[in-house]
Amino acid sequence: MDKKINPADPTTIPKFVDELSKPPAAKPKYNTCYPRNSYFELEMKEGKQRFHRDFPLTTIWGYNGISPGPTLYAEKDKTTYVKYINDLPCKHFLPIDYTLHSASDSPEVRSVVHVHGAHVDWKSDGHPEAWYTKNYEFTGPKFTQKVHEYTNHQAGATLWYHDHSMALTRLNVYAGLAGFYLLRDSLEERLQLPCGEYEIPLMIQDKSFNEDGSLFYPDSPPFPVPVHPSITPGFTGNTIVVNGKVWPYLRVEPRKYRFRIVNASNRRGYILSLSNDHTMVQIGTDGGLLTQPIHLNSIELLPAERTDIIIDFSTLQGQEITVMNSDTEFPGEHTNMIMQFRVDLPLKGEDTIQIPDQLAPQMDIHEHHAHTVRDLPLSASTDSYGRPMLLLNNRMYHDPATEKPSLDSIEIWNFINVTPFLHPMHVHLIQFKILDRRPFNVEKYQNEGILEYTGEPIEPREFERGWKDTVKADPEMVTRIIMHWKGHTGHYIWHCHFLEHEDHDMMRPIRVIDDAHPVQQPHADIPHDHKGSEENEN
């Protein structure tokens, strides 16, 4: 290792010297209890990873000891079975805050896996209280089974799997416990999109390192608190990592490539563009293919959001193109760059790929079909130690469920953000459509509980008009989404996907029920309770 290079100081780290690699495919295991090629085992364990050619090896936790973990490839309507084996050490190498919900009386290291975006029975959803320890010696109150069953009754999409343990998600995901779950269907196959070596998943994260190359994560917030170690309101790293490499490069042929991108960062958002202003063609969002492709110069991704894009390098032979990040919330001299494309590989054969004008059938949910409208405030509070704490529906995680949608009902949720921060809101089980965003009088709502709009509705941004499971709730705006609760009943979750917010009670239970019938309501312009959702449950 060059002594001049300090992993803790991004100004000393050479960029674009490590070649990006594609995460390996998970390999099925033979098990007589399951159909051939449908059963997988992924082992959660400690590993060593070289994030940069000039770094020493770094301790990580990964699925099969690598990060990102192996990619799970699945097919629509064909069930995939996965056993995630906890073989992690009994001590965490990142700072534990024992004051968080259930942390004080639970084992220090526990895990459970959530396939983000999956339409799945709750027992396989990775409920945060379904955690378990090594050899299942201890299990959480919602733990029911060792093998997760993914029926894949949904459209092909870029999903991803990650740790979802109560009060530990921020640490376990940052330690490396994340990977891709790519679901394919026959529609996607008929479209003949770039595939094989020309389809590349990209997992973008930000990380910081200590001088010895170990992962850095703060043990306290940037203000005095009476707790140590203590959770911080949000962590952003000073380097950018893609598929486990710091500022990598990718050699490409002068042809079309498909990139399936997830923001797997704890807190940082990205606005992605190409340094030569070349157009990107978006073909999909969180929940699958768009109706029509969209030509864009930039795409915003908050934590957990995905985008599916095609870049045509056919006219860019010999060029070096940097993927830029123009997000201004956490600007940085170095975090404004993600990776580099080098169009220097010879073309192996004629590129006959044509991006279709129509990708998927139009499938909208209309407001007049909604049975229930819920007003759900996102608010700021303080915990018993005087630390800032963000809440959903003015409640903490352990308070009884107030969101109890009925099976086969259609609901509109209004995220009323009275905080000065944006929040990526994720709802388990379903994919939704964004209706609009609208400014409102925050002071009047906080003081009088009256929701008074101060402007006209704003349509969803171009790149978020498809099916979504994570949405940007802008500050001082009401963000409206509509969803159909179908297929499963049971215990689910909705939460902010800033992982530090999620771990510090910005998470609430959902109970999908099949024994209640919502009262028919026209839609959002009827009077309804603005303080919570309890009155709208029946």
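Just so we're clear, the structure is a prediction, and the values are computed from it rather than from any experiment.

Conventions we followed
- Residues numbered from 1 in each chain as written.
- Predicted model: local features only at pLDDT ≥ 70, side-chain atom pairs only at ≥ 80, totals over all residues.
- Heavy atoms only, no water.
- Pairing = 2+ DSSP bridges.
- Helix = DSSP H or I, 4+ residues; strand = E, 2+ residues; numbered from the N terminus.
- Axes fitted to C-alpha atoms, helices over the stretch in contact; angles between N-to-C directions.
- 1 Å grid on protein atoms, 1.4 Å probe; cavity = no way out; pocket = protein on both sides within 12 Å on 5 of 7 lines; lining within 4 Å.
- Points joined across faces, edges and corners; volume = space filled by probe spheres on them.
- Nonpolar A, V, L, I, M, F, W, Y, C, P; charged D, E, K, R; others polar.
- Contact = heavy atoms within 4.5 Å.

With reference to specific residues and values, describe the sheet that holds strand E22 (residues 372-382).
Across the sheet, which stays open at both edges, the five strands sit in the order E23-E22-E24-E28-E26 with mixed pairing between neighbours. Two strands close off the open sheet at either side, each with one partner strand: strand E23 (388-392) and strand E26 (432-439). Here the average twist between neighbouring strands, direction ignored, is 20°. In the sheet, E22 pairs with strand E24 (residues 409-417) via seven bridges, with the strands oriented parallel. Of the residues in E24, the one forming a bridge with Leu378 is Asn417.

Summarise the sheet that holds strand E27 (residues 470-473); cite the residues concerned and give the values.
With respect to topology, four strands assemble into an open sheet ordered E27-E25-E29-E30, the strand pairing being antiparallel. Since the sheet does not close on itself, it has two edges, and those belong to E27 and strand E30 (507-512), each with one partner. Averaged over all adjacent pairs, the angle separating strand axes in this sheet is 25°, with direction ignored.

Tell me about the layout of surface pockets, and please be specific about residues and values.
Estimates place the volume of the largest pocket at around 1,000 Å³. Contributing to the lining of the largest pocket are 37 residues, with Pro361, Met363, Asp364, Lys433 and Trp467 lying nearest its centre. For the lining of the largest pocket, the secondary structure elements donating two or more residues are helix H2 (186-191), strand E17 (288-296), E26 and strand E28 (477-485). It is E17 that provides the largest number of residues to the lining of the largest pocket, a total of six residues. Tallied by class, residues from the lining of the largest pocket come to 16 nonpolar, 14 polar and seven charged. Counted as a void, the second largest pocket has a volume near 300 Å³. If you go around the second largest pocket, you meet 20 residues; those closest to its centre are Pro233, Gly234, Pro388, Leu390 and His501. With three residues, the top contributor of residues to the lining of the second largest pocket is E23. Among the residues making up the lining of the second largest pocket, the classes are represented as 11 nonpolar, six polar and three charged.

Describe empty space enclosed by the protein, listing the residues and the values that go with them.
Tallied over the full model, the rule gives six cavities of 30 Å³ or more. In this structure, the largest cavity spans a volume of roughly 80 Å³. Lining of the largest cavity is provided by 13 residues; of these, Leu202, Ile261, Leu272, Ile309 and Val323 occupy positions nearest its centre. Of all the elements in the fold, those that place two or more residues in the lining of the largest cavity are strand E9 (199-209), strand E14 (256-263), strand E15 (270-274), strand E19 (306-312) and strand E21 (337-342). Broken down by element, the residue count for the lining of the largest cavity peaks at three residues, all from E21. The residue inventory of the lining of the largest cavity, partitioned by class, reads 13 nonpolar, no polar and no charged.

Just give me the short version of the environment of His398, but keep the residues and values in it.
Assignment of secondary structure puts His398 in the loop between E23 and E24. Counting along the chain gives 107 residues from His398 to Asp505, while the straight-line C-alpha distance between them is 8.5 Å. Apart from residues no more than four positions distant in its own chain, His398 is found in contact with His101 and Asp505.

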